[in-house]
Protein chains: 2
Amino acid sequence: MEEMVRVAVDAMGGDHAPGELVKGAVDAVTMRKGILVLLVGQTAVIQEELAKYTYPKEQISIVEAPEVIETAEPPVMAIRRKKKSSIVVGMNLVKQGEADAFVSAGSSGAVLVGGQVIVGRIRGVERPPLAPLIPTEKGVSLLIDCGANVDARPTHLVQFAKMGSIYMENVLGVKKPKVAIVNIGAEEEKGNALVKETFPLLKNCPDIHFVGGIEAREIPHGGADVIVCEAFVGNVILKLYEGVSSTLISVVKQGMMGSVRGKIGGLLVKPALKQTLKGFDATEYGGAPLLGLSGLVVKTHGSAKAQEVTNSILQCVTFKEQQINDKIKQNIGTSSEEE
Amino acid sequence: MEEMVRVAVDAMGGDHAPGELVKGAVDAVTMRKGILVLLVGQTAVIQEELAKYTYPKEQISIVEAPEVIETAEPPVMAIRRKKKSSIVVGMNLVKQGEADAFVSAGSSGAVLVGGQVIVGRIRGVERPPLAPLIPTEKGVSLLIDCGANVDARPTHLVQFAKMGSIYMENVLGVKKPKVAIVNIGAEEEKGNALVKETFPLLKNCPDIHFVGGIEAREIPHGGADVIVCEAFVGNVILKLYEGVSSTLISVVKQGMMGSVRGKIGGLLVKPALKQTLKGFDATEYGGAPLLGLSGLVVKTHGSAKAQEVTNSILQCVTFKEQQINDKIKQNIGTSSEEE
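Each value, and the rule that gives it
- Residues numbered from 1 in each chain as written.
- Chains lettered and ligands numbered in written order.
- Predicted model: local features only at pLDDT ≥ 70, side-chain atom pairs only at ≥ 80, totals over all residues.
- Heavy atoms only, no water.
- Salt bridge = Lys/Arg side-chain N within 4 Å of Asp/Glu carboxyl O.
- Helix = DSSP H or I, 4+ residues; strand = E, 2+ residues; numbered from the N terminus.
- Buried < 20%, exposed > 50% of the residue type's maximum accessible area, 1.4 Å probe, protein only.
- Pairing = 2+ DSSP bridges.
- Phe/Tyr/Trp six-rings, centres within 6.5 Å; stacked < 30°, edge-to-face > 60°.
- Right-handed = clockwise from strand over helix to strand, strands pointing away.
- Expected span 1.5 Å × (residues − 1).
- Axes fitted to C-alpha atoms, helices over the stretch in contact; angles between N-to-C directions.
- Contact = heavy atoms within 4.5 Å.
- pLDDT = per-residue confidence, 0-100.
- Core = buried A, V, L, I, M, F, W, Y, C linked by side-chain atoms within 4.5 Å.
- Least-squares fit on C-alpha atoms with pLDDT ≥ 70 in both.

1. Quick look at the pattern of salt bridges
And then number 1: Evaluated as defined, the whole model comprises 22 salt bridges over all chains.
And then number 2: Put simply, aspartate 27 of chain A and lysine 23 of chain A hold a salt bridge, and the shortest N to O gap is 3.2 Å. One end of the pair, aspartate 27 of chain A, and the other, lysine 23 of chain A, are both in helix H1 (residues 19-31), 4 residues apart, so they sit about a helical turn from each other.
And then number 3: Several salt bridges share partner residues, and in doing so they unite Glu215 and Arg217 of chain A together with Lys239 and Glu242 of chain B into one network.

2. Structural notes on the pairing of strand S11 (residues 296-299) of chain A
All names here are of chain A.
And then number 1: On S11, burial covers both faces: Leu296 and Val298 on one face and Val297 and Lys299 on the other are all buried.
And then number 2: In this sheet, S11 lies alongside strand S4 (residues 101-104) in parallel orientation, the contact comprising 4 bridges. Directly across from phenylalanine 102, in S11, lies its bridge partner valine 297.
And then number 3: Between strand S10 (residues 288-290) and S11, which follow one another and run antiparallel, lie 5 residues, and glycine 292 among them has a positive phi close to 85°.

3. A short note on the packing of aromatic side chains
And then number 1: This structure, assessed with the given rule, holds 4 aromatic pairs over all chains.
And then number 2: Here phenylalanine 199 of chain A and phenylalanine 210 of chain A contribute two aromatic rings whose centre-to-centre distance is 5.2 Å and whose plane-to-plane angle is 80°, an arrangement assigned as edge-to-face. Of this pair, phenylalanine 199 of chain A sits in helix H7 (residues 193-203) while phenylalanine 210 of chain A is found in strand S8 (residues 209-214), placing the two residues 11 residues apart along the sequence. Grouping residues by exposure puts phenylalanine 199 of chain A and phenylalanine 210 of chain A together as buried.
And then number 3: On the basis of an interplanar angle of 45° and a centroid distance of 6.1 Å, the ring pair of tyrosine 167 of chain B and phenylalanine 319 of chain B is categorised as tilted. Linking tyrosine 167 of chain B in helix H6 (residues 154-170) with phenylalanine 319 of chain B in helix H10 (residues 306-321), this pair joins segments that are 152 residues apart in sequence.
And then number 4: Classification of tyrosine 167 of chain B by relative accessible area gives buried; the value is 0%.

4. Describing the pairing of strand S1 (residues 5-10) of chain A
All names here are of chain A.
And then number 1: Here S1 lies mainly inside the structure; 5 of its 6 residues are buried.
And then number 2: Relative to strand S2 (residues 35-41), S1 runs parallel, the two sharing 6 bridges. Across the sheet, residue aspartate 10 finds its bridge partner in S2, namely valine 40.
And then number 3: Handedness of the crossover joining S1 and S2 through H1 is recorded here as right-handed.

5. Considering helix H6 (residues 154-170) of chain A
And then number 1: Spanning 17 residues, H6 of chain A covers 25 Å between terminal C-alpha atoms, matching the ideal 24 Å at 1.5 Å per step.
And then number 2: With 16 of 17 residues buried, H6 of chain A is to be regarded as a mostly interior element.

6. A short note on the sheet that holds strand S3 (residues 60-64) of chain B
All names here are of chain B.
And then number 1: With respect to topology, 6 strands assemble into an open sheet ordered S3-S2-S1-S4-S11-S10, the strand pairing being mixed. Two strands lie at the open edges of the sheet, namely S3 and strand S10 (288-290), each paired on one side alone. Going from strand to strand, the sheet's axes swing by 25° on average, the running direction of each strand aside.
And then number 2: Across 5 bridges, strand S2 (residues 35-41) lies against S3 in parallel orientation. Bridging across to S3, glycine 41 finds its partner in glutamate 64.
And then number 3: Of the strands in this sheet, strand S1 (5-10), S2 and S3 touch helix H1 (residues 19-31), which is tilted by about 170° from S2.

7. Topic: the sheet that holds strand S6 (residues 139-144) of chain B
Two strands in a sheet stick together by hydrogen bonds in their backbones, pointing the same way (parallel) or opposite ways (antiparallel).
Residues and elements named next belong to chain B.
And then number 1: Spatially, 5 strands are ordered S5-S6-S9-S7-S8 in an open sheet, and the strand pairing comes out mixed. At either margin of the open sheet sits one strand with a lone partner, and together these are strand S5 (133-136) and strand S8 (209-214). Neighbouring strand axes in the sheet, compared pairwise and without regard to direction, differ in orientation by 30° on average.
And then number 2: Of the pairings in the sheet, the one linking strand S7 (residues 178-182) to strand S9 (residues 226-228) comprises 3 bridges and is parallel in character. When the bridges of S9 are listed, isoleucine 181 appears paired with valine 228.
And then number 3: Of the strands in this sheet, S5, S6, S7 and S9 are in contact with H6, which crosses S6 at around 150°.

8. Side note on the confidence of the model for chain A
All names here are of chain A.
And then number 1: Scored by pLDDT, chain A has a mean of 90; 95% of the residues are at 70 or more.
And then number 2: When pLDDT is averaged over each element of chain A, strand S9 (residues 226-228) comes out on top at 98 and helix H9 (residues 260-279) at the bottom at 72.
And then number 3: Contacts of residues 334-339 to residues separated by more than four positions or lying in other chains number 11 contacts, the stretch itself having pLDDT below 50.
And then number 4: The complex model carries a pTM of 0.89, and its ipTM stands at 0.86.

9. Quick notes on the nonpolar core
And then number 1: Ranked by internal contacts, the top residues of the largest apolar core, which has 165 residues, are Leu39 and Ile219 of chain A together with Leu39 and Ile219 of chain B.
And then number 2: Residues in contact with isoleucine 219 of chain B, not counting those within four places in the same chain, are Leu240 of chain A together with Ile134, Thr136, Val182, Ile214, Ile227, Ile237 and Tyr241 of chain B.
And then number 3: Ile69, Phe102, Leu112 and Leu290 of chain A belong to the second largest nonpolar core, which has 27 residues in total.

10. So, the relation of the copies chain B and chain A
And then number 1: With an axial shift of 0.0 Å and an RMSD of 0.1 Å, the rotation relating chain B to chain A amounts to 180°. Taken together, the rotation angle and the small translation identify this as a two-fold axis. Considering only C-alpha atoms, the residue of chain B closest to the rotation axis is glycine 265 of chain B, which sits at 2.0 Å.
And then number 2: A share of 100% of interface residues in chain B that are also interface residues in chain A marks the association as one of identical surfaces.

Okay, structure coming up:
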């Protein structure tokens, strides 16, 4: 019998908690054996949700956590004070080896801080990056880092490139993933001080398949599998992606509604459009992993619904089965001369 | 009689040179009196293009410039060596007061370098920012800086905010333009070192209407009129805007072509879609001004067609009529304690 993968899920975090979180967990265990989901949160509330479904009871447990960290709370303070919050309790399960991974749709700041201070980093990892998948014409790319590590150093970016490559190769199954650094031109001599210093380090790194600089324009075209940047730039890319997509879709819809002809045409194209835009949506791959921690932490969108939660749980299973952390340990360990 | 505004146009730069550049100039002088366009480039080639049109002859002259700077050439070297290139000759016209402005669709790098080293900065301006207009749900916003000033300092960003406000108020007619700084959260305590240092300076600057930080997600929604950032981030925003828009439109079109129903619907929505996307296109406002120079330099897209060229010429007229540079001089001069 294969080993159970134990995934703790923050039942209290996100816009659709606890309903969609619990449903996502139920769907995951219904789809696959070999997963144990630990729903972390207020027991009575979770029980009430669980009562709506039929599912293999032995695959879901509840871990009591009476407190909830709100999105607006200052993260460091919240993590320190709310010891009985679902995020702190869930992270502690990972730290103590009672869970392999933790999935949360709650406060990004608290998840990032908690990952570092509670779960802790793998020895040798300087900073754990948050690495969401973003949709492209060709599939998805890993955008690393979008977390809280602003003002990163070149050596951090090299570690991001390595961890991102391991993730894309082993979790997404991309052979020899192409790594590129976000730059304002494709040439090596362009860029700000950070990029100029990092470029040769990436170029000379034997563990990755570095293809050079990538201009932001090429990212949606799928120009690389692992897109390396420091967190401020990554955050801008991630959020602008969402902003431009949603604005453009709403503008197109409004345009169609402006005439009878457009309205009829709009009704006809609706199914195709919906299908297409679904393909241009990275949430079907799961949430954003916080890499380089002694255990896996996955941050889903605050607006995550059951499907994204289910996919995130399945992503944790692949992460564990592929022994990503062992690979990160080996890889970061063997090239410590760059640190 | 009102004073003539003299606009030099690089007839040799861009993907559609000289044809679309010459056509854009002809259209501009046909639409408005009071403009003199100086077409800079190879006389014979320009004459051949001009021969295709009927237009007020006294409003267009040719200034010979036999050399052309290619997009791939290293900018500093190109500006230094090709003294007879259309960019160098055009910039010199502005420097010597023979033209009020220079419009080019040629090499961005050469335009940025030439603006600084040939035309020169207004006294007190530390760095001249390149400030394109980007489309939003509500109209357009000025994204300042997208130029070559990587690794900017806080005082530079404050000057960008001032110059951008003057431009939006006087050229675009936006009363009391809202200024925001690109950040990874709306709160003052968030951000990288540059943003944290710049935030209080903007907050305490009496000459602008500062509304705080803006997350990249809110930019396409038209969250502010003047979007301040350093050039690396600005470049990423500008290019990602183009990349995500073009990818999404191509994905939507492909989706429609996938079924007969979609194809028919696609034909019906086509006019509405075209109209809508035209509204979501900032080129109708002209090119990107390089602000803070003793004279105006406008960089249009390399792919600019006649309409963008015409709009850029008209933009130069407004710039001159509204005496933007006098306003910049006064404004930057009066608050030099921040420098």
